[in-house]
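# Understanding the architecture of this molecule
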Amino acid sequence: MVLIYGYKEILQDLKSLEKRHPKEVTADFCGITPKGRGIPLAKIGKGRKKLLILGSIHGREWISSLFSVRLMEKALEHKEKCLAEATFFVMPVVNPDGVEIFWGRDEPFEKDAGFLPTFYKNNANNINLNANFPYEFLKVPKSRQGGIRAASEKETESVINICCKAYFDAAVSLHARGNCIFWRDKGNGAIRGDYKLAKALEEHCGFQLIKPTEDVADYSGGFENWFRHRFRRPALCVELVKDEEISFKDMEKDFKKWVIWEKTKGFMDVFSKFT
């Protein structure tokens, strides 16, 4: 059986979590996409620390949505200590339109030449959301498709609004390929606690730490880079899947294998211990 884990399936899982854990889970929408889909935000835990987890800012990286939902499910089922340590705000799918386009259940408003759904990462306006944030935006290369102005996209605006409202202690944006962590960039320099958090995830979950990003063309317009600049707090880009060769669609065949679940399932526990 072929697994399709798209927008509809994510919403079904969130409703199921709310039904099974009505006192521990709240789920609502924090924005709307260009195609009119609500952007879901789930909240679990009762701890003092406020931590943000983003999934699927890129459409083709749907596995980050499944990973974030399975992390919540595990924490709730086992009543893990992390839920007393922190309050987690989880946006499992920042880019619902892009995920649906990837799965062939929708189309962008305009297609590039050579458009292929299985490689599609942008939103319905064909904008790369992870190059659309208002940090060094004028230095975003055209090839990264960040759009004509910073925060032009509804999805970007939704993320910015929730961050400014909640004032998170730290944030993580989940991506698909590399089994590694981008944790610092040259423009923002050292942020208090960034190395400690990244190193803990490396030691407990097996992610490799990447050297701080030097080229502004690579980090301009990025979510985690904007977050560091705006709040002077840690924000990490975590790439889940180790195998660079597997296609994004083939990740459906064995989720736990590709995200190395036996190591990474403790992600929320490690994150909650951040100080």
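Above this text you will find the structure in question.
Now for a look at the structure at hand. Since the structure is predicted, the reported quantities are computational estimates derived from the model, not experimental observations.

### Some remarks on the environment of Phe 168
- With respect to the helices, strands and loops of the structure, Phe 168 is situated in the loop between α5 (154-166) and β5 (170-177).
- Its relative accessible area of 0% is what places Phe 168 among the buried residues.
- Considered as a pair, Phe 168 and Leu 11 are 157 residues apart in the sequence and their alpha carbons are 24 Å apart.
- Setting aside its immediate chain neighbours within four residues, Phe 168 contacts Lys 50, Leu 51, Leu 52, Phe 89, Ile 162, Cys 163, Phe 227 and Arg 233.

### Focus on helix α6 (residues 194-205)
- Between its terminal C-alpha atoms α6 stretches 16 Å, which fits the 16 Å expected from 12 residues at 1.5 Å a residue.
- Taken residue by residue, α6 has Asp 194, Leu 197, Ala 198, Leu 201 and Cys 205 as its buried positions. Projection of α6 onto a plane perpendicular to its axis shows the buried side chains occupying an angular sector of 95°, all on one side. Away from the buried face of α6 by more than 90 degrees, exposed residues Lys 196, Glu 203 and His 204 are located.
- Summarising the contacts, the buried residues of α6 are in contact with β5, β6 (180-182), β7 (208-209), β8 (235-241), α10 (261-264) and α11 (267-272).
- Taken from the residues just after α6, Gly 206 is the one with a positive phi, measuring 90°.

### Things to note about the nonpolar core
- Ranked by internal contacts, the top residues of the largest apolar core, which has 57 residues, are Phe 88 and Phe 267.
- Among the elements that line this core, the one with the most residues is helix α2 (residues 63-77), at eight residues.
- Every residue in contact with Phe 267, bar those within four places of it in the chain, is listed here: Phe 67, Leu 71, Val 172, Leu 174, Leu 201, Cys 205, Phe 207 and Val 238.
- In this structure, Leu 54, Val 94, Ile 162 and Ala 171 belong to the second largest nonpolar core, which totals 24 residues.

Cut-off values and rules
Residues numbered from 1 in each chain as written. Predicted model: local features only at pLDDT ≥ 70, side-chain atom pairs only at ≥ 80, totals over all residues. Heavy atoms only, no water. Helix = DSSP H or I, 4+ residues; strand = E, 2+ residues; numbered from the N terminus. Buried < 20%, exposed > 50% of the residue type's maximum accessible area, 1.4 Å probe, protein only. Contact = heavy atoms within 4.5 Å. Expected span 1.5 Å × (residues − 1). Arc of directions from axis to C-beta. Core = buried A, V, L, I, M, F, W, Y, C linked by side-chain atoms within 4.5 Å.

Purely spatial values, then, with no claim about function.
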